Amino acid sequence: MEPLPKAGKDNPSASANLLSKIFFCWLSPLFRTGYRRKLEEDDMFRVLPEDASNRLGEELQRYWTQEVQQAKKKLQPPKFSKALIQCYWKSYLLIGVYIFLEEVIKVIQPVLLGKLIEYFESYDATQPVPVYEAYSYAAGISLSTFSLALLHHLYFYQVQRAGMKIRVAVCHMIYRKALCLNSSGLAKTTTGQIVNLLSNDVNKFDEVTLYLHFLWLGPLQGIIVTVLLLYAIGPSCLAGMAVLLILMPIQTTFGRLFSSLRAKTAVLTDERIRTMNEVVSGIRVIKMYGWEKPFGVMVDEVRRMEISKIMQSSYLRGLNMASFFVASKIVIFFTICVYVLTGNKLSASRVFMAVSLYGAVRLTITLFFPFAIEKVSESLISIQRIQKFLLLHEMAPQHLGLPVAEKDCMVKIQDLTCYWDKNLEAPTLQNMCFTVRPEQLLAVIGPVGAGKSSLLSAILGELCHESGVIKVKGELTYMSQQPWILPGTIRSNILFGKELDPKKYDRVLRACALKRDIELLPGGDLAMVGDRGTNLSGGQKARVSLARAVYQDADIYLLDDPLSAVDAEVGRHLFQQCICGLLRKKPRILVTHQLQYLKVADQIVVLKEGQMVARGTYRELQLSGVDFTSLLKHDQEDEQQDFHPFTCIPYVLSDRSSVSSLSSSQYSLIEGTDARSMEVHPKEEENRMEGNVGLCMYVKYFMAGAHFSILLVLILLNLLAHVTFVLQDYWLAFWASEQRHISETEHLNGSLPRQLDLDLYLGVYAGLTATSVVFGFLRTLVFFNVLVSSAQKLHNSMFNAIIRTSLRFFDANPIGRILNRFSKDIGYLDSLLPWTFVDFTQVFLQVIGVIAVAAIIIPWILIPIVPLLGVFLFLRHYFLQTSRDIKRLESTTRSPVFSHLSSTLQGLSTIRAFRVQERFQQMFDEYQDLHSEAWFLFLTTSRWFAVRLDVICSVFVTITAFGCLYLKEGLEPGAVGLALTYAVTLTGMFQWGVRQSAEIENMMTSVERVVEYAELESEAQWETDFQPPEDWPQTGTVTLDRVNFSYSVGEPLVLKDLSVTFASKEKDPVLFTGTMRKNLDPFRQHTDEDLWNALQEVQMKAVVEDLPNKLEAVLTESGSNFSVGQRQLVCLARAILRKNRILILDEATANVDPRTDSLIQQTIRDKFQDCTVLTIAHRLNTIIDCDKILVLDAGRMQEYDEPYVLLQNHDGLFYQMVQQTGRAEAASLLQTAKQVYTDKKQLTEACSTKDIRVIFETSL
């Protein structure tokens, strides 16, 4: 829970003057900074108070709560869309004023243009007409262009900010909801789905707000333009409007189809991200089992289905864009045909006024209006998905009780019955009754799956109770069975938001046996731990979790199996110094499988299959005749054993990361323990590329999607489409000029009326229109095909690289960061980048066309174009320096939002038990505000740039308009009309094209990020050149000869000069979402009988038979509908099925009860008698009968021999460890070791030696 560094700078937009706000001048200092150096997070401005996540979220939450209450009264389902409308309609409506004014000016401009061209038509050098009128029209055109530029950007800035506000508010609500979900709610969603809501669905609000106003503007503008067209060219305009109206429903249909495909794609994307989440979380298991290929096939399958939907929606999008591109051509073609064929004569003023009016309405009717419909329908789907999530069941609110005196703290449970899943016949817990008072220790014992953890969940309120009473007086705190570590420092994990009290902190560290570990860490307790505590061992994570609970200083402690991850010695230290030491005055409920501690408990509750089968003190249970220990194991401990405070033991046993965890935690008697051998991966900062996205990145992007020859065809199609596009308009101008010449000669000579060859002119015109339509559609579809194929290829390359890279990469990079590349970056490559690329290419070629036409008509116009081009190029370069950094900051400030969400969902029960939901919500808001700071700059900097570009275009329009008047001699009205009509379209279009080019460059950072992961360093080849025989290995012998090992190059050694039999390890019980069958046999290589037998071997057959669908029963995400012990057993069954020659068990039975443990050990002995079994365990009684034991310290081998031989050396580490278990247990262990040694000796004489089994005893 690291405090976030606050961005210090005040937001200058709050205090800027009117002119500065219109032209965004308040951003200029930031651009100067960005031009000089790379921008950092400190350069961003503090978020404006009205944009703060907490404020926005709480406001929307209020409206949503009202909506839920009203809906309940009316007996209707609540609608989230209603709450959104009520919250934002007023502010959003006001923004509509800007766009209304803009569209009015857009309609007036063509009228002024028509008047100016009329002046040229009536111009006669012999009879000069007053020129001031023409100049006033030119000034009107110039003024309207400037006004449009300013209004346009003010509108878009305001709506984008409105979109940001809604998105931030909804994210706040989604996170708040995630913190409150109860067990049934969590069962109906997955981390992948919540991440997808936060990364993709909420982005629809950013998009829909842009276009929503066009739903009423489109029809209104259509009516006004129709009236003006009737005035300009009479009824024949209706033909054109009819075509526009036909195109509208076609495009709307495209939009609808697109959103239904989007809904199907979203489901597949959810599925892919969820699978990726599991792959990244379970990467250790996947690598140990060699499952990379099958999992690759699984991801590939989902991705293939997703890409086929994306390709379909891209084609639809392509048709939509192409129809927008050719719409104006088709509309004008039909208008002109009807106009000419009804006997009218073409005149430049009428033609180009009509062209200009259609141009004004074309964008609104054929692009923004269908876009509005498409985005609204998309948003409604996203709103449905968010609403469904917001309506999931929540936990009952926890009432923070009044502080109680220490002597009054208690937990009382009466006739409690609970269900995790109502579909199961048997309740999870039933008929529970007990009371825990101050200073009492209640031990809860029972076999795997008995309901021990569920009992704690019920007390915490995580598990809803059906009947009965749970009465808790005092503040609870909880340590979960699976330790949960937040990314941050060890200290921040222990303090968990509390103030640091050095004396208390030191006491807690000593009691939790962490003092020594922290002394050995580089950086001490300020050492960073990765996501999920990846660089700590299981034992260290458990002790950090315990320390966190102890430091909270709560009234009542619920401890879920805190001793399973540590060895006997450390376990004893924790029990005496912490559970019965520091916490002795508190009521404690301890779930445990360590039976040697039961005598100390004030009460023992024995559970079996969710029922309480016995309750009482150790003595009472023994006298009652309930054979409670047979449920667990035969306890041969001496009853008189005294629990003396134990003394320091002179040795250190080391864990996976070679840090001594000496139980006494005061000092180590093995001198020279290597302090550097503890490996701490500092949390690596996410890479931010600097400078331009290189040309080679564009080449990689395009070449991933198509062959070079196809790319050449694509370039050719683009050029042909645009040449025909310009020629069609040029032919109109030529036609109008020819018509004028004929009329003039008729007028001068008074000769008979001469007719133009209509067939020729119409024929050429029709031909040009048809070719521009065909090429327009073709090039768009080919373009989309190439770019979506690129996305597919790059995703596959990235996935293959990720699955083949070393584990070190997963330790150094949080899950959120890796998932961000698979969700957000791939999302860009799939849909946004192809669309932006196609759009940019169209606009860029159109701009080239405009300049070319203007230069052909008025060649001298090239003179002012040169300086304008110079200013533009400098502006673009100046802007991109800053914009690129801001976009990258936006990407990197987004990752923590997802990482925080992911961590929260993993530690939900701990967060709620500690009642720090508000603090976590506050952290989420701070991460959101940090991202909003970057997003706000991203919006405003692009507006700063766009306003300046539009001003350049307005200057160009002004020069063209006045230039035509100045050089009126010898200019054709048709040519003037063409030049001016084209010049006017430049405003808006040019800045949009340039911003799209910047947008492409920004989005290419996503390609860069994907390529960066696609080029990760690979592990060794999966298959070697030398192939072993089919029946290899016949024996399971592994030899390590003088091996030195570190976690990565340049890291300190963790194994030093080791010569022994050794192998890698399986860590936590990782289960995957899917059926029980998929978890046991993901790739269907075994029969049902094999699966049932394997479950029988690990004592899980009965549990699975009780599930509604047996082997087809679906496990929830990470297998959370099973207890941790049951998950370990499923993993063990998975190992048994594989029948490998080498079996590695790393704490494989740490979370199961001793009886199940001994049964499983027996299974292992029977099933794997011809195998090499390497075990890492803490329970000495389960490993004492192994062939050999290896004791490691600080990465070096200290002892290696048969257990009985090791026990003869009274100075040895193993002997001292056995003594730690107590007199009776030690005697029993010695007796077992001796028996095994004697039996083995007799057996050796009888037959040749089989493969040996080696046990690693470690201290975690």
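Residues numbered from 1 in each chain as written. Predicted model: local features only at pLDDT ≥ 70, side-chain atom pairs only at ≥ 80, totals over all residues. Heavy atoms only, no water.

Under the annotation held in an unreviewed UniProt entry, the chain carries the name Multidrug resistance-associated protein 4 and is attributed to Oryzias latipes. The record held by UniProt for the chain lists under Cofactor (unreviewed entry) the comment "Mg(2+)". We quote the UniProt Subunit (unreviewed entry) comment for the chain here in full: "Interacts (via PDZ-binding motif) with SNX27 (via PDZ domain); this interaction accelerates MRP4 internalization." (UniProt positions renumbered as here; feature names shortened; annotations may be inferred.)

Draft legend 1. Focus on the nonpolar core. Counting 233 residues, the largest nonpolar core has Phe80, Val170, Ile589 and Trp735 as its most contacted members. Counting residues per element, this core draws most heavily on helix H28 (residues 917-966), which supplies 21 residues. In this structure, Phe214, Met276, Tyr698 and Leu794 belong to the second largest nonpolar core, which totals 91 residues. (Core = buried A, V, L, I, M, F, W, Y, C linked by side-chain atoms within 4.5 Å. Buried < 20%, exposed > 50% of the residue type's maximum accessible area, 1.4 Å probe, protein only. Helix = DSSP H or I, 4+ residues; strand = E, 2+ residues; numbered from the N terminus.)

Draft legend 2. Here's a closer look at the environment of Leu456. Mapped onto the fold, Leu456 is located in helix H14 (residues 452-460). Since its relative accessible area comes to 0%, Leu456 is described here as buried. Through-space distance from the C-alpha of Leu456 to that of Leu559 is 8.4 Å; in sequence the pair is 103 residues apart. When sequence neighbours within four positions are dropped, the list of residues in contact with Leu456 reads Tyr478, Leu558, Leu559, Asp560, Ile589 and Val591. (Contact = heavy atoms within 4.5 Å.)

Draft legend 3. Expanded view of the side chain of Ser144. Relative to the helices and strands, Ser144 is located in helix H5 (residues 132-180). You can call Ser144 buried: its relative accessible area is 9%. Among the polar contacts listed, one links the side chain of Ser144 to the backbone oxygen of Ile141, at a separation of 2.8 Å. Aside from chain neighbours lying at most four places away, what touches Ser144 is Ile105 and Gln109. (Polar contact = N/O pair within 3.5 Å; in protein donor to acceptor, adjacent residues only side chain to side chain.)

Draft legend 4. Highlighting unusual backbone geometry. Despite not being glycine, Phe24 has its phi angle at roughly 55°, a positive value. With respect to the secondary-structure elements, Phe24 resides in the loop between helix H1 (18-23) and helix H2 (28-36). Here the phi dihedral of Ala513 falls at roughly 55°; this positive angle occurs in a residue that is not glycine. As for its placement among the helices and strands, Ala513 is situated in the loop between helix H16 (502-511) and helix H17 (515-520).

Draft legend 5. Seen up close, the packing of aromatic side chains. Following the criterion strictly, the structure yields 43 aromatic pairs and no others. Aromatic pair Phe702 and Phe837: ring centres 5.1 Å apart, planes at 80°, arrangement edge-to-face. Taken together, the residues Phe702 in helix H21 (residues 695-705) and Phe837 in helix H25 (residues 815-857) connect sequence positions 135 residues apart. One exposure class covers both Phe702 and Phe837, and it is buried. (Phe/Tyr/Trp six-rings, centres within 6.5 Å; stacked < 30°, edge-to-face > 60°.)

Draft legend 6. Region of interest: the environment of Asn54. Within the secondary structure layout, Asn54 lies in helix H3 (residues 53-74). Dropping the residues within four chain positions of it, Asn54 is found in contact with His172 and Asp925.

Draft legend 7. Region of interest: the packing of helix H7 (residues 191-201) against helix H13 (residues 348-390). In contact at an axis separation of 11 Å, H7 and H13 are set at 145° when each is read in the N-to-C sense. The element H7 and its partner H13 pack so that their crossing is left-handed. On the side of H7, the interface is formed by Ile194, Asn196, Leu197 and Asp201, while H13 contributes Ser382, Arg385, Ile386 and Phe389. Across the contact of H7 with H13, the residue classes tally to four nonpolar, two polar and two charged. (Axes fitted to C-alpha atoms, helices over the stretch in contact; angles between N-to-C directions. Left-handed = near helix turned anticlockwise from the far one by under 90°. Nonpolar A, V, L, I, M, F, W, Y, C, P; charged D, E, K, R; others polar.)

Draft legend 8. Examining the side chain of Thr335 more closely. Checked against the element boundaries, Thr335 lands in helix H12 (residues 292-341). Discounting residues that sit within four places of it in the chain, Thr335 has contacts with Ile233, Ser236, Cys237, Gly240 and Tyr358.

Draft legend 9. Representation of the packing of helix H26 (residues 862-906) against H28 in the model. Interaxial distance between H26 and H28 falls to 9 Å at its minimum, and their mutual angle equals 165°. For the element pair H26 / H28, the angle class is roughly antiparallel. In terms of crossing hand, the pair formed by H26 and H28 is left-handed. In terms of residue class, the contact of H26 with H28 is made up of 28 nonpolar, seven polar and five charged. (Parallel < 35°, antiparallel > 145°, perpendicular 65-115°, else oblique.)

Draft legend 10. Here's a closer look at the pattern of salt bridges. A complete count under the given rule lists 39 salt bridges for this structure. For Arg303, the salt bridge identified is with Asp830, shortest N-O distance 2.8 Å. Of this pair, Arg303 sits in helix H12 while Asp830 sits in helix H25; the two residues are 527 residues apart in sequence, bridging distant segments of the chain. Of the residues examined, Asp830 reaches a relative accessible area of 4% and is grouped as buried. Linking Lys329 and Asp729 is a salt bridge whose minimum nitrogen-to-oxygen distance equals 2.7 Å. In this pair, Lys329 is assigned in helix H12 and Asp729 in helix H22 (residues 708-749), connecting sequence segments 400 residues apart. For the residue pair Lys329 and Asp729, the accessibility class agrees, reading buried in each case. One network of salt bridges, with partners in common, ties together Glu50, Asp51, Arg161 and Lys165. (Salt bridge = Lys/Arg side-chain N within 4 Å of Asp/Glu carboxyl O.)

Draft legend 11. Here's a closer look at H21. Those residues of H21 that fall on the buried side of the exposure criterion are Met697, Tyr698, Tyr701, Phe702, Ala704 and Gly705. Along the long axis of H21, the arc covered by the buried residues comes to 155°, so they all point the same way. (Arc of directions from axis to C-beta.)

Draft legend 12. Spotlight on the environment of Arg256. Of note, Arg256 is situated in helix H10 (residues 237-281). Given the relative accessible area of 54%, Arg256 is considered exposed. Remark: the alpha-carbon pair of Arg256 and Val376, spanning 120 residues in sequence, is separated by 9.8 Å.

Draft legend 13. Representation of a positive patch on the surface in the model. Taken together, the side chains of Lys412, Arg437, Lys471 and Lys473 present a region of like positive charge at the surface. Relative to the helices and strands, Arg437 is located in the loop between strand E2 (429-436) and strand E3 (441-445). The exposure class of Arg437 is partly exposed, given its relative accessible area of 44%. (Patch = residues over 30% accessible without salt bridge, like charges linked within 9 Å, V, L, I, M, F, W, Y side chains within 5 Å. Areas by Shrake-Rupley, 256 points an atom, 1.4 Å probe, with all protein chains shown as cover. Lys, Arg positive; Asp, Glu negative; His and termini not counted. Charge placed at Lys NZ, Arg CZ, Asp CG, Glu CD.)

Draft legend 14. Representation of the confidence of the model for the chain in the model. On average, residues of the chain score 80 in pLDDT, and 86% of them are at 70 or above. Per-residue pLDDT, averaged within each element of the chain, yields its smallest value for strand E20 (residues 1254-1257) (45) and its largest for strand E9 (residues 588-591) (92). Low confidence marks residues 633-683, where pLDDT is under 50. Its contacts with residues over four positions away, or in another chain, come to 162 contacts. Note that residues 1248-1260 has pLDDT below 50 and, in this model, 72 contacts with residues that lie over four places away or in other chains. (pLDDT = per-residue confidence, 0-100.)

Draft legend 15. Local environment of a negative patch on the surface. Together, Glu425, Glu609, Glu1105 and Asp1106 make up a region of like negative charge exposed at the surface. Note that Glu425 resides in the loop between strand E1 (410-418) and E2.

Draft legend 16. Fine view of H13. The end-to-end C-alpha distance of H13 is 60 Å, a good match for the 63 Å that 43 residues give at a rise of 1.5 Å each. In the structure, H13 departs most strongly from a straight axis at Val361, where the bend amounts to approximately 40°. For H13, the buried fraction is high: 34 of the 43 residues fall into the buried class. (Expected span 1.5 Å × (residues − 1). Bend = angle between axes of the 7 residues up to and from the residue.)

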